[in-house]
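# Residue-level structural notes
Listed below are the residues making up each chain.
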Amino acid sequence: GSANGTNSAARFNRPDGLAVASAGNLYVADALNYTIREVTPVGTNWVVTTLAGLAGYSGSANGTNGAARFSYPTGVAVDSAGNVYVADFYNNAIRKVTPVGTNWVVTTLATGFNNPDGVAVDSAGNVYVADYYNHRICKVTPAGVVTTLAGLAGSIGSVDGTNSAARFAYPIGVAVNMAGNVYVTDNGDSTIRKVTPVGTDWVVTTLAGLAGNIAE
């Protein structure tokens, strides 16, 4: 369902991505409702509201609150200012949901992906993207400039290496730490990968798992 409410009175429809803000409230990419939800702690309860999008209506429109549209939002991240970033899977875009007073304004930060799945944001506002069907990891600056950090669009594999010499297979989740290291759940390779900044390069290593089980 899509109902807002408290605790078990609320309803979701295949929630996919989750992020937690410093205040303890949660942001949810409610994929099949095509909405972004907030789950707020109130005493011992959790109150669910819809920030942006309209349940049952997919699309790509920017706008405020329920006037905005998403198409299967998957990954979600939140920065220290409370801006929410969304991997808008079928729109091949990264969207930004900005708090303006009591409203939430949706804009498109960047396009040019092939079903982006996971997002993470660092302290400088750079967004890292697991670009699922392009088998690559991208970076989006606050100005919306997209660069490929590692992997090569259209080339699947499990190779460790530097920049475009590395290979991924359907990367889904992505996280970034304070040192700027990016961690990736490499779904098709069944591995956890690390993308380390070394000067102007990005070096990919495998932390855990064993590649060889490539499947969607």
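Report follows, based on the coordinates. (Residues numbered from 1 in each chain as written. Predicted model: local features only at pLDDT ≥ 70, side-chain atom pairs only at ≥ 80, totals over all residues. Heavy atoms only, no water.)

Moving on: the sheet that holds strand β9 (residues 93-100). Pairing in this open sheet of 5 strands is antiparallel, and the strands run β6-β10-β9-β8-β7 from one edge to the other. In this open sheet, the two strands that pair with only one neighbour each are β6 (63-64) and β7 (73-78). One ladder, built from 5 bridges, connects strand β8 (residues 84-88) with β9; its direction is antiparallel. By the bridge assignment for β9, Ala87 is matched with Ile94. (Pairing = 2+ DSSP bridges. Helix = DSSP H or I, 4+ residues; strand = E, 2+ residues; numbered from the N terminus.)

Take Thr185: it is sitting in strand β17 (residues 182-186). Expressed as a C-alpha distance, the spacing of Thr185 and Ile172, which sit 13 residues apart in the sequence, is 5.8 Å. If we skip the residues at most four places from it in the chain, Thr185 touches Tyr170, Pro171, Ile172, Gly173, Thr191 and Ile192. Within polar-contact distance, the side chain of Thr185 engages the backbone nitrogen of Gly173 at 2.6 Å. (Contact = heavy atoms within 4.5 Å. Polar contact = N/O pair within 3.5 Å; in protein donor to acceptor, adjacent residues only side chain to side chain.)

Of all hydrophobic cores here, the largest spans 16 residues; its most connected members are Tyr27, Phe70, Val76, Val84, Val86 and Val97. At the level of elements, β3 (26-30), β5 (45-52), β7, β8 and β10 (103-111) are the ones that each hand at least two residues to this core. Among the nonpolar cores identified, the runner-up in size contains 15 residues, and Ile137, Phe168, Val182 and Val195 belong to it. (Core = buried A, V, L, I, M, F, W, Y, C linked by side-chain atoms within 4.5 Å. Buried < 20%, exposed > 50% of the residue type's maximum accessible area, 1.4 Å probe, protein only.)

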